[in-house]
Structures are given as C-alpha cells and as structure tokens.
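# Structure assessment
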Amino acid sequence: MNIYFDLFLTFAKVGVCTFGGGYAMLPILQREVVEKKGWATDEELTDYFAVGQCTPGIIAVNTATFIGCKYKGIPGGVLATLGVVFPSLIIITAIAAFLSNFADIPVVQHALAGINAAVVALIASSVLKLGKSTLKNGAAIAVFLCVLVLAVTGSLVSFNTGAYGVLGTVMELLTSPAVLIVLAGAAGFLLYGSKKGGEGK
C-alpha cells in the first residue's frame, strides 16, 4: 500500500472513530499510531498533545499534523490533517442537514445522552494514559496537583462577581486555562532546567 495513502487512511480511521474532541482521541491515536504503525512513541504522542493544546487550532488536527510531519515531512502533515478532518466534515455536514428534523425525537435525545456518557469515559481513559506517561517524578506530580486544584477551583467557584475584590481578580487569572498552561510550562522549564543544570555541574 502506498505509504501516503496509508497515512491518510489511518488518520481518517482515527477521525471517524473519535467522539468528544481531541482528548477522547488519545486512546485511538495511541493504538493506531504507536502500537500498530510505530510512527511515534508514547512520549512523543504526549508531547504532540501538549504542544497541540498550546498552539492555535483544534488539538486533534494539530496532533495529526505533527505526527504526519514527523513521519513524512510536509506532505505527510498535509495528508494526516486531511485524513483526520475528512470524516468529521462529511458527518457534520450530514448531521447539520438532517438533525434539526430529528433533534426533538426522544430516541435521538437518549442516543445523544448515551454518547455524552461514553465521551466522559473516553476522556477519563485519556487522562490515565497521559498520567502514566508523564507523571514519572515528584516535580511532574507537584505541577499536576497544583494545576488540578486551580482548574477544579475555577470550575466550581465564579470569581468574576466582584464579591472577592482583588483576590477574585487574581484567582480568576490563575484559574484561566490559558494562564495555567503558560504557568505549567514555566514551572516545568524552571524545575527541569535547574535539575539538568545541576547535573551538568
């Protein structure tokens, strides 16, 4: 089979099997790209997800582009991106054309509720896989726990009501996902950079 066609077909398979966005895509990507094809390692896939989350665009598309580029350069990146987007484009077009006629039917509503529950399980599976490949030392666990506490706090408490004053403004900033990503990256750089610098000396 032509390798470029194989690249497109593999990511099309990932795209058609993915529900719930990029995080739910991780178990499928890990099986297809790491275990079956050997185009990336678990560590590389985790890095692609991290960078894909930090860069503009959809995380699933960014990750596919990174893997395709790493494996077959720019043509590989283009084909991987087209592959992962193509099934979604077809499916979403069909849904947009017909769902409005069926959205109020109880069977359809129950089916969507079931899909939502499955997406939660897929994302939980993704969290476990990411945790196994990244939380390998105390520094990584400390960064994870700090971000987890701030993210959960931000999702449970609304700090933009003005009742908290300056503290509310600070907490609203610290619980922003974009700020958490930047702070986590800076913390990782400082922790691992100082560690490597000490080992070099």
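The structure displayed is predicted, hence computed values, not measured ones.

Now for helix H3 (residues 42-54). Compared with the 18 Å implied by 1.5 Å per residue over 13 residues, the 19 Å span of H3 between its first and last C-alpha is a close match. Among the residues of H3, Leu 45, Thr 46, Tyr 48, Phe 49 and Gly 52 are the ones counted as buried. Projected down its long axis, H3 carries its buried residues within an arc of 160°, all on one side.

This part is about the pattern of salt bridges. All told, the structure shown has 5 salt bridges when counted by the stated rule. Of the charged contacts, one joins Asp 6 and Lys 37 as a salt bridge, the two residues approaching to 3.1 Å between their closest N and O atoms. Of this pair, Asp 6 sits in helix H1 (residues 3-16) while Lys 37 sits in the loop between helix H2 (22-36) and H3, and the two are 31 residues apart along the sequence. For Asp 6, a relative accessible area of 12% gives the class buried. The salt bridge involving Glu 32 is made with Arg 31; its shortest N-O contact spans 3.9 Å. Look at the salt bridges and you will find they share partners, linking Lys 13, Arg 31, Glu 32 and Lys 36 into a network.

When you line up the elements, Tyr 71 lands in helix H4 (residues 59-102). The exposure class of Tyr 71 is partly exposed, given its relative accessible area of 30%. With 31 residues separating them along the chain, Tyr 71 and Ala 40 place their C-alpha atoms 8.1 Å apart. Reaching out from Tyr 71, the side chain makes a polar contact with the side chain of Trp 39 at a distance of 3.3 Å.

Let us now look at a nonpolar patch on the surface. A cluster of nonpolar side chains, contributed by Val 16, Val 85, Phe 86, Leu 89, Ile 90, Ile 91 and Ile 95, occupies part of the molecular surface with about 580 Å² of accessible area. Broken down by element, the nonpolar patch gets its largest block of residues, 6 residues, from H4. On the secondary structure map, Leu 89 appears in helix H4.

One pass over the structure, following the stated rule, counts 4 aromatic pairs. A ring pair is formed by Phe 8 and Phe 86, whose centres lie 6.3 Å apart and whose planes are at 50°; its orientation type is tilted. In this pair, Phe 8 is assigned in helix H1 and Phe 86 in helix H4, connecting sequence segments 78 residues apart. Look at Phe 86 and you get partly exposed, because its relative accessible area is 44%.

By size, the foremost hydrophobic cluster in this structure holds 21 residues, and its most contacted members are Phe 11, Leu 29, Val 33, Leu 45 and Ile 67. Counting residues per element, this core draws most heavily on H4, which supplies 7 residues. Dropping the residues within four chain positions of it, Ile 67 is found in contact with Phe 11, Leu 29, Val 33, Trp 39, Leu 45 and Tyr 48.

Analysis parameters
Each chain has its residues counted from 1, running along the sequence as written. In keeping with the model being predicted, local features are shown solely for residues with a pLDDT of at least 70 and side-chain atom pairs are shown and tallied solely at 80 or more, while totals for entire chains, interfaces and linings include all residues. No hydrogens and no water enter the side-chain calculation; it runs on all heavy atoms of the structure. Only runs of H or I of at least four residues qualify as helices and only runs of E of at least two qualify as strands under DSSP, and these elements are numbered from the N terminus. For a helix, the expected span equals 1.5 Å multiplied by the residue count minus one. With a 1.4 Å probe rolled over the protein chains alone, any residue whose accessible area is under 20% of its type maximum counts as buried; one over 50% counts as exposed, and the rest are partly exposed. Here the arc refers to the directions that run from the helix axis out to each C-beta atom. In the sections that follow, a salt bridge refers to a side-chain nitrogen of Lys or Arg positioned within 4 Å of a carboxyl oxygen of Asp or Glu. The term polar contact refers here to a pair of N or O atoms within 3.5 Å; inside protein, the definition further demands a hydrogen-donor-capable atom paired with an acceptor-capable atom, and it admits residues adjacent in sequence only when both atoms are side-chain atoms. Residues form patches when they are more than 30% accessible in relative terms and have no salt bridge. Like charges link within 9 Å. Nonpolar side chains (Val, Leu, Ile, Met, Phe, Trp, Tyr) link within 5 Å. Accessibility throughout is a Shrake-Rupley quantity obtained with a 1.4 Å probe, and a residue counts as covered only by protein chains that appear here. Classification of ring pairs rests on two measures: the distance between centres of Phe, Tyr or Trp rings, Trp counted by its six-membered ring, which must be within 6.5 Å, and the angle between planes, read as stacked under 30 degrees, edge-to-face over 60 and tilted in between. We call a set of buried residues a nonpolar core when its members are Ala, Val, Leu, Ile, Met, Phe, Trp, Tyr or Cys and they connect through side-chain atoms within 4.5 Å of each other. Residue contacts are defined here by distance: any two heavy atoms, one from each residue, within 4.5 Å place the two residues in contact.

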